[in-house]
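Now for the letters of each chain:
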Amino acid sequence: MAKSLKFSDAVADYDAIIKEIDSRRFAPIYLLSGDEGYFIDAIAERLANTILNEAERSFNQVTVYGQDSDTGKIIMLARQMPMMGSYQVVIVREAQQLSKIENLVHYTSNPQSSTILIICYKNKEQGRGIDKRTAFYKSCVKNGCVYESVRPRDYEVDTWLTSYIASVGLKMDPKAMAMLKEHVGMDISRMVREIDKLVVSLPEGVKGVTDSHIEEYVGLSKEFNSFELNDAVMKQDVGRAMRIADHFSKNPKSYPITQTIAILFGLFQQLFLLNYHNWQSRTKGVAMPSDMDLMRAIRANNLYALKELRANIGRWSGPKLFNVLGLLREYDAKSKGVNSGGLDNGELLKELLLKIFM
């Protein structure tokens, strides 16, 4: 069985391709695929802005979309000779919507040296990737550059995100980073857009990003968000948790209960696993994992999150954690209409929280 590609490998491959492009060492074919669109788009944009100068692009660079095109048209475009300059550039965006993409093998098996064909295939649109057994895929490997982009797991993104933040001249404190990730999820494209927004929005001379900046410029309420609800529940701050729940109940479209329960479930799953590791260490003499290994084991986002979990694990016994996980499953079903007792989602969330705190 083929070994699955790691996020760190995808980042390293991305960096190597960008270096080649910046050195003007181009491949005749770029097959850019995967389920993380940011790296696919970034490579395509770097190629689009590097291969030809602005004047040449008007004559020798064309972009087509899979839904509005076909393989015959793309092959015809790729076989044209450049009007002025050394290269003809053909960019195929949303190639996952292209019918019978494997027919491009009639070109990719014998590409022209004067054409650079860039194929952007995002797996997430179709829920599947390119079939690597096809002659089309194998010809791209043989005659061009094939790149696969993968989405990071929660614990994998911090190193890359810290590096990207540093590359734009900023430094973000751990809580601000955790809030940003909670707000946008593991969508790197959205993370980059929000960080780029901070670059132009922060006052001149300010390079350190705090949670207050996230609140002001990213649009995430510092008081009323899932990150703060998790924090209040973990610390058993009943009053703050109920205030947040009341805000959520008044804004159900922004804070759907199914999402809130899923986030709470993630928190208590982490607490349960941390409690288990602590129990093993305490009763069986099993050494505690390193911070990085522990983050992977309990699926913590970052060291800040791990620190907060450790600081509050003493508030939650093993049996209590087990009961809360059961409550969360029960209320997830209720939020979907199973034995809800006629309560709306806002009332269900408040009832759930009160039972957690009992």
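Scope of this entry: the structure provided in the associated data block. (Residues numbered from 1 in each chain as written. Predicted model: local features only at pLDDT ≥ 70, side-chain atom pairs only at ≥ 80, totals over all residues. Heavy atoms only, no water.)

So, about the overall build of the protein chain. A tally of regular secondary structure across the protein chain gives 17 helices and seven strands. Expressed as lengths along the three principal axes of its C-alpha atoms, the size of the protein chain is roughly 75 × 50 × 50 Å. Across the 358 residues in the protein chain, those meeting the buried criterion constitute 46%. Sequence separation of at least 24 residues holds for 74% of the intrachain contacts in the protein chain that already meet a minimum separation of 6. For the protein chain, the accessible area works out to roughly 18,000 Å², and carbon and sulfur atoms hold 50% of it. Treating the 46 positive side-chain charges of the protein chain as one cloud and the 43 negative ones as another, the clouds have centres 4 Å apart. (Helix = DSSP H or I, 4+ residues; strand = E, 2+ residues; numbered from the N terminus. Buried < 20%, exposed > 50% of the residue type's maximum accessible area, 1.4 Å probe, protein only. Contact = heavy atoms within 4.5 Å. Areas by Shrake-Rupley, 256 points an atom, 1.4 Å probe, with all protein chains shown as cover. Lys, Arg positive; Asp, Glu negative; His and termini not counted. Charge placed at Lys NZ, Arg CZ, Asp CG, Glu CD.)

One can describe the packing of helix H1 (residues 7-22) onto helix H2 (residues 37-50) by two numbers: an axis separation of 10 Å at closest approach and a directional angle of 5°. Classified by the interaxial angle, the pair formed by H1 and H2 is roughly parallel. Facing H1, whose interface residues are Phe 7, Val 11, Tyr 14, Ile 17, Ile 18, Ile 21 and Asp 22, H2 presents Phe 39, Ala 42, Ile 43, Arg 46, Leu 47 and Thr 50. For the contact of H1 with H2, the per-class residue count stands at 10 nonpolar, one polar and two charged. (Axes fitted to C-alpha atoms, helices over the stretch in contact; angles between N-to-C directions. Parallel < 35°, antiparallel > 145°, perpendicular 65-115°, else oblique. Nonpolar A, V, L, I, M, F, W, Y, C, P; charged D, E, K, R; others polar.)

Moving on to the side chain of Ser 139. Position of Ser 139 relative to the elements: it lies in helix H6 (residues 135-143). The class of Ser 139 is buried, set by a relative accessible area of 8%. For Ser 139, the contacting residues outside a window of four places in its chain are Val 105, Thr 108, Ser 109 and Gly 144.

What follows deals with the pattern of salt bridges. This structure, assessed with the given rule, holds 21 salt bridges. With a closest N to O distance of 3.1 Å, Lys 250 and Asp 246 form a salt bridge. Remark: Asp 246 and Lys 250 occur in helix H12 (residues 238-250); sequence separation between them is four residues, near one turn of the helix. Residue Lys 250 is classed as exposed on the basis of its relative accessible area, which comes to 60%. Of the charged contacts in the structure, one is a salt bridge between Asp 246 and Lys 350, with a shortest N-O distance of 3.1 Å. Of this pair, Asp 246 sits in helix H12 while Lys 350 sits in helix H17 (residues 345-357), placing them 104 residues apart in sequence. On the accessibility criterion, Asp 246 (27% relative accessible area) is partly exposed. (Salt bridge = Lys/Arg side-chain N within 4 Å of Asp/Glu carboxyl O.)

Let's shift gears to the sheet that holds strand S1 (residues 29-34). The strand order across the open sheet built from five strands is S2-S3-S4-S1-S5, with neighbouring strands paired in parallel fashion. Two strands bound the open sheet, and with one partner strand each, they are strand S2 (61-65) and strand S5 (145-149). Averaged over neighbouring strand pairs, the angle between their axes works out to 10° when direction is ignored. Where H2 meets the sheet, it contacts S1, S2, strand S3 (88-93), strand S4 (115-122) and S5, and its direction lies at approximately 160° from that of S4. (Pairing = 2+ DSSP bridges.)

Another point: a nonpolar patch on the surface. Taken together, Phe 59, Met 83 and Met 84 make up a surface patch of nonpolar side chains, about 350 Å² in accessible area. Mapped onto the elements, Met 83 comes out in the loop between helix H4 (71-78) and S3. (Patch = residues over 30% accessible without salt bridge, like charges linked within 9 Å, V, L, I, M, F, W, Y side chains within 5 Å.)

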